[in-house]
Amino acid sequence: MVTAKANILVVDDDEMVRLSCRRVLEEDGYSVKTAENGEVGLKCFKEIQPDLVLVDLKMPGKSGMDVLEEIEVMDPEVVKIVITGYATVSSAVEAMKRGAYDFIPKPFTPDEISLIVARGVEKRRLLLERKALKNSQEKIRRNMVSLVSHELRAPLGATVQYLEVLQAGMAGSISSDAKELIDRCVIRLRELLELIGRWISLATFDPARMAESFEAVSLIDVAKEVMALLTAMARERSVSLNLDAPKRLPSIQGSKVCLQEIFFNLIGNAIKYNKKGGWVKVTLYDEDQEVLAEIADNGVGIPEEHLPRIFDEFYRVDGRRNAPIRGSGLGLSIVKTMTGAHGGRIHVGSRVGEGTTFRVHFPKVLNPQRQN
Ligand code: ADP
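Residues numbered from 1 in each chain as written. Predicted model: local features only at pLDDT ≥ 70, side-chain atom pairs only at ≥ 80, totals over all residues. Heavy atoms only, no water.

1. What about the site of the ligand?
Stated formally: We call a residue near a molecule or strand when any one of its heavy atoms sits within 4 Å of it. Here a polar contact is recorded for every N or O atom pair within 3.5 Å, except that within protein the pair must consist of a potential hydrogen donor and a potential acceptor, and residues adjacent in sequence are included only if both atoms are side-chain atoms. Throughout, the Shrake-Rupley method with a 1.4 Å probe supplies accessible areas, and for residues the shown protein chains are the sole cover considered. A cavity here means a set of points on a 1 Å grid, drawn over the protein atoms and nothing else, where a 1.4 Å probe fits but cannot get out; a pocket is an open set with protein on both sides within 12 Å along at least five of seven lines, and a residue lines either one if it has an atom within 4 Å of a point. Pocket or cavity membership: a molecule qualifies when more than half of its atoms sit within 2 Å of the grid points of that site. What counts as a helix is a DSSP run of H or I of at least four residues, what counts as a strand is a run of E of at least two, and both are numbered from the N terminus.
The ligand sits among 20 residues. The nearest are N269, Y273, R316, S328 and L332. A distance of 3.1 Å separates an oxygen atom of the ligand from a polar atom in the side chain of K272. D297 places a side-chain nitrogen or oxygen 3.0 Å from a nitrogen atom of the ligand. For the ligand, whose accessible area on its own is 530 Å², the fraction buried by protein is 97%. Of all the cavities here, the one that holds the ligand is the largest pocket. Looking at the shell around the ligand, the elements that each hand over two or more residues are α9 (256-272), α10 (331-341) and β12 (355-363). Of all the elements, α9 adds the most residues to the shell around the ligand, at 3 residues.

2. Some remarks on α9
Short version of the rule: Multiplying 1.5 Å by the residue count of a helix minus one yields the expected span of that helix. The rule is simple: take the accessible area with a 1.4 Å probe, protein chains only, and divide by the maximum for that residue type; under 20% is buried, over 50% is exposed, in between is partly exposed.
End to end, α9 covers 23 Å across 17 residues, agreeing with the expected 24 Å (1.5 Å per residue, within 8%). In terms of burial, α9 is a largely internal element, 12 of the 17 residues being buried. Within the span of α9, buried status applies to C258, L259, I262, F263, N265, L266, I267, G268, N269, A270, I271 and K272.

3. Some details on the sheet that holds strand β3 (residues 52-56)
For the record, the criterion: Strand pairing is assigned whenever DSSP detects at least two bridges linking the two strands. With axes taken as lines fitted to C-alpha atoms, and helix axes fitted only over the stretch in contact, angles between N-to-C directions fall between 0 and 180 degrees. In this description, contact between two residues means that some pair of their heavy atoms is separated by no more than 4.5 Å.
Read from one edge to the other, the open sheet built from 5 strands follows the order β2-β1-β3-β4-β5, with strand pairing classed as parallel. Unpaired on one side and paired on the other, β2 (31-35) and β5 (102-105) mark the two borders of the sheet. With strand direction ignored, the average angle separating the axes of adjacent strands in the sheet is 20 degrees. Sheet topology note: the strand β1 (residues 7-11)/β3 ladder contains 4 bridges and is parallel. Directly across from V11, in β3, lies its bridge partner V55. Against the sheet, helix α2 (residues 38-48) engages β1, β2 and β3, with an angle of about 170 degrees to β1.

4. Section: the domain arrangement of the protein chain
Frequently, the measure chosen for interface size is the accessible area that the parts lose on association. Condition: Note that the domain bounds were set by an automatic or database domain assignment. Buried area, as used here, totals the accessible surface that two parts lose on assembly, with accessibility defined by a 1.4 Å probe and the loss added over both. What counts as a salt bridge is simple: a side-chain nitrogen of Lys or Arg found within 4 Å of a carboxyl oxygen of Asp or Glu.
Per the domain assignment, the segments making up the protein chain are domain 1 (7-108), domain 2 (134-203) and domain 3 (210-363). Centre-to-centre separation of domain 2 and domain 3, based on C-alpha positions: 27 Å. If you look at the interface, domain 2 gives 7 residues, while domain 3 gives 11 residues. Taking both partners together, domain 2 and domain 3 bury about 800 Å²; carbon and sulfur atoms supply 61% of that area. For domain 2, the biggest contributors to the area lost against domain 3 are L195, R198 and L202; these three give 66% of the whole. Linking domain 2 with domain 3 are 1 salt bridge. Between R326 and E191 there is a salt bridge; the shortest N-O distance is 3.0 Å. At the junction of domain 2 and domain 3, the tally comes to 2 residue pairs in polar contact (both at pLDDT 80 or more).

Below you can see the structure in the form of structure tokens.
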């Protein structure tokens, strides 16, 4: 937090500027340190960790722009104000593009420096407040994850085990009516455990950590493996499953486990929200810079008004808990998050009663800036 006495560092080779800044800003109640060049300025910066820095752009030795850049790396929340002569206004604009908050042309009056610093200190206060809020939100999220995973998952898991003991008749014989009720309890509790597991994996998903396990992955292999896992489910529902892919498909950079999760959710949904005798077609295309995966079905379709929300957490088109097709409403939000972490994007098109097509574009070469 910015205390009543904010720390200001003035880096300028002009002694008059340093003296006048110190006088005005100390009168305003700030604690002020000055440095006569870039090297000394950066040394002071590390020592006093100021809230705001005034940097002259034109100094002999290390340039003001270099000083700004190094400060930006060390602490992006420090407010940087550029001091400049009229002749270098364009470089002040350049400095602002690189993170400086404002600039003050020389010569300046005491009122001008006083005002610009007061605004900068207020900006610093807001930046730190935002950071503190973000930290406390992150703490709440972490506590929530640990509460859900320990306090809810563990007793639920134990309850399922007790019920399984009853189910197996290991605690004495039970009537068939009681057994049926226990069977239903177990099914519901397993669904709840699966929902909790999915939510935890979404809430704790860390794209940076995932990127560490990136390797060259063949989407043909991923599609085949996932389709093999889902064959039984498709057969049970009389839905046919087909894969169409070119003989040679370039690999993409990704996490195999996460790509399997993406395909598992999309193909699983295409089977789940289908009808008896329906089909699911998975097609892979080699497209310029990308590999495109298309998962199409001729199932129930999604009403147009729901399409913008289906990627939201917990959103289900039929939101009822006891809806005929069970689900958590988390699958597509996991798909979207993981696709984004691969630098990809996903689109959906659907017609009620006719079917749905999801298209997922993955870049062949990962551009880190496109990860989100
Ligand atoms: P759920 O656990 O409910 O399946 P998802 O996040 O995977 O959650 O999907 C959100 C909603 O989008 C689903 O409840 C379903 O209504 C709809 N949906 C997803 N995929 C399809 C599909 N292939 N066909 C029809 N509806 C779908």
